[in-house]
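Below, each chain spelled out in residue letters.
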Amino acid sequence: MSFTFASWNVNSIRQRERHVLDWLDRVKPDLLCLQELKCETGVFPASFAEAGYHPVVVGQKAYNGVAMLTREPAEVINLSLPGFENDASRYVELRMAGMVIGNLYLPNGNSGGAAGFETKLNFLDALAHRAKELLEAEEDFLFTGDFNVCPTDEDYAPGALSPDDALLRPESRAGWHRLLWLGLTDALRALHPTGRHYTFYDYQNAAFQRNAGLRIDHALLSPRLAERLVSVTPDRDERARDQPSDHIPLIVTLS
DNA sequence: ATGACTTTTGCTAAAAGA
């Protein structure tokens with residue numbers, strides 16, 4: 001019995017409704033985690049439920065917004081990240097198939113000056129605290145979503161970011177590595193230790209055609225789940241469609 | 001080059017994204 005989930009920052013669910021429906025029909029995952037809905041909860045498209053998926057939606061006007069679509073009903077655990085004092089819709093967590101699964105959209109950290117960057121670090125702190133809680137409770141769990149962190153210099157194309165970008169600042173990377181030091185596994189690098197495996201391509205300057213991307217969408221697995229890891233695939237085909245999101249789906253299969 | 005795209009918004013511009 002395997003379990004397939006994916007993370008996808010869709011950059012407006014209303015603009016990408018058709019893409020997501022087609023993708024669900026093609027991939028048929030057990031769970032799809034969405035970020036950057038850019039719509040209020042009440043206007044989240046009904047078509048996904050009509051296609052047989054159970055939606056858990058945390059939206060807001062204009063910005064942010066996360067949702068989880070599950071093939072089987074799931075138990076909602078959190079509609080925000082415990083310990084992150086902020087009203088932006090950036091986290092939703094549920095329990096299904098014996099796992100706790102957190103779907104997150106981390107602040108980019110490049111806007112809003114020092115306070116904006118601090119908000120990003122606060123989110124990473126709260127995420128580490130949540131990981132500790134789940135480890136102490138001996139839960140099998142995973143975090144997936146748009147982390148807005150390039151973990152290493154191999155995770156972005158040369159020249160794709162300025163050297164002081166919030167995606168690769170030492171403080172951002174320290175927040176990421178703190179999660180690894182707790183014992184979580186970076187799913188993609190566990191199976192593909194080297195090489196370019198990007199999940200985002202800027203709309204500008206033909207970034208996709210030049211493979212000038214970033215690896216910022218991730219899945220972090222608790223120890224027992226890491227042992228079940230079968231495959232991790234950034235779905236590049238999706239970026240070649242008409243009017244795509246700038247992010248592509250990251251597909252993960254567990255045994 | 002404080003830009004280039006794309007989306008959303010009190011929408012004939014600005015802000016945010018990354």
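Note: the structure precedes this text.
Residues numbered from 1 in each chain as written. Chains lettered and ligands numbered in written order. Predicted model: local features only at pLDDT ≥ 70, side-chain atom pairs only at ≥ 80, totals over all residues. Heavy atoms only, no water.

Trainee: Help me out: how do you make sense of helix H3 (residues 113-136) in this one?
Mentor: Because each turn of an α-helix spans 3.6 residues, side chains separated by three or four positions in sequence point in the same direction. Here H3 spans 36 Å end to end across 24 residues, near enough to the 34 Å set by a 1.5 Å rise per residue. Those residues of H3 that fall on the buried side of the exposure criterion are Gly116, Phe117, Lys120, Leu121, Phe123, Leu124, Ala126, Leu127, Ala128, Arg130, Ala131 and Leu134. At its buried positions, H3 is contacted by strand S5 (75-78), strand S6 (91-96), strand S7 (99-105), strand S8 (141-146) and helix H4 (170-181). Where H3 ends, the next residue or the one after it, Glu138, has phi of about 60°, a positive value. (Helix = DSSP H or I, 4+ residues; strand = E, 2+ residues; numbered from the N terminus. Expected span 1.5 Å × (residues − 1). Buried < 20%, exposed > 50% of the residue type's maximum accessible area, 1.4 Å probe, protein only. Contact = heavy atoms within 4.5 Å.)

Trainee: Please clarify how the nonpolar core should be interpreted in this entry.
Mentor: One recurring pattern in soluble globular proteins is that nonpolar side chains are buried together. Ranked by internal contacts, the top residues of the largest apolar core, which has 25 residues, are Phe5, Leu31, Ile101, Leu221 and Leu254. Contacts of Ile101, omitting those with residues within four sequence positions, involve Phe3, Leu31, Met68, Val92, Glu93, Leu94, Met96 and Leu142. With 24 residues, the next largest nonpolar core counts Phe84, Tyr91, Phe143 and Trp176 among its residues. (Core = buried A, V, L, I, M, F, W, Y, C linked by side-chain atoms within 4.5 Å.)

Trainee: Help me understand the sheet that holds S7, please; the structure alone is not making it clear to me.
Mentor: Judged by pairing direction, the sheet is mixed, and its six strands sit side by side in the order S5-S6-S7-S8-S12-S9 without closing on themselves. With one partner strand each, in any of the chains shown, S5 and strand S9 (185-186) form the two edges of the open sheet. Here S5 runs beside S6; their pairing, made up of three bridges, is antiparallel. The residue bridging Asn78 from the neighbouring strand is Glu93, located in S6. Relative to S8, H3 is tilted by about 160°, and along the sheet it contacts S5, S6, S7 and S8. (Pairing = 2+ DSSP bridges. Axes fitted to C-alpha atoms, helices over the stretch in contact; angles between N-to-C directions.)

Trainee: Would you explain the pattern of salt bridges in this entry?
Mentor: Close approach of charged atoms allows side chains with opposite charge to pair. Taken as a whole and assessed by the stated rule, the structure comprises 18 salt bridges. Asp186 is paired through a salt bridge with Arg215; the nearest N and O atoms lie 2.9 Å apart. One end of the pair, Asp186, is in strand S9; the other, Arg215, is in the loop between strand S11 (213-214) and strand S12 (217-221), and 29 residues separate them in sequence. Across the pair, exposure class does not vary: Asp186 and Arg215 are buried alike. When salt bridges with common partners are traced through the structure, they connect Arg18, Asp22, Arg26, Asp235, Glu238 and Arg241 into a single cluster. (Salt bridge = Lys/Arg side-chain N within 4 Å of Asp/Glu carboxyl O.)

Trainee: Whenever I open this one, the protein's contact with DNA strand B confuses me. Can you help?
Mentor: Close to DNA strand B lie 23 residues; Ser12, Asn108, Ser111, Gln204 and Leu214 are nearest. For DNA strand B, the backbone makes up 70% of the atoms found within 4 Å of the protein, where backbone means sugar plus phosphate. Side-chain polar atom of Asn108 to a base nitrogen of DNA strand B: 3.3 Å apart, as the coordinates give it. At 3.1 Å from a phosphate oxygen of DNA strand B is found a side-chain nitrogen or oxygen belonging to Asp146. Classifying every residue of the surface near DNA strand B by side-chain character gives eight nonpolar, ten polar and five charged. (Near = heavy atom within 4 Å. Polar contact = N/O pair within 3.5 Å; in protein donor to acceptor, adjacent residues only side chain to side chain. Nonpolar A, V, L, I, M, F, W, Y, C, P; charged D, E, K, R; others polar.)

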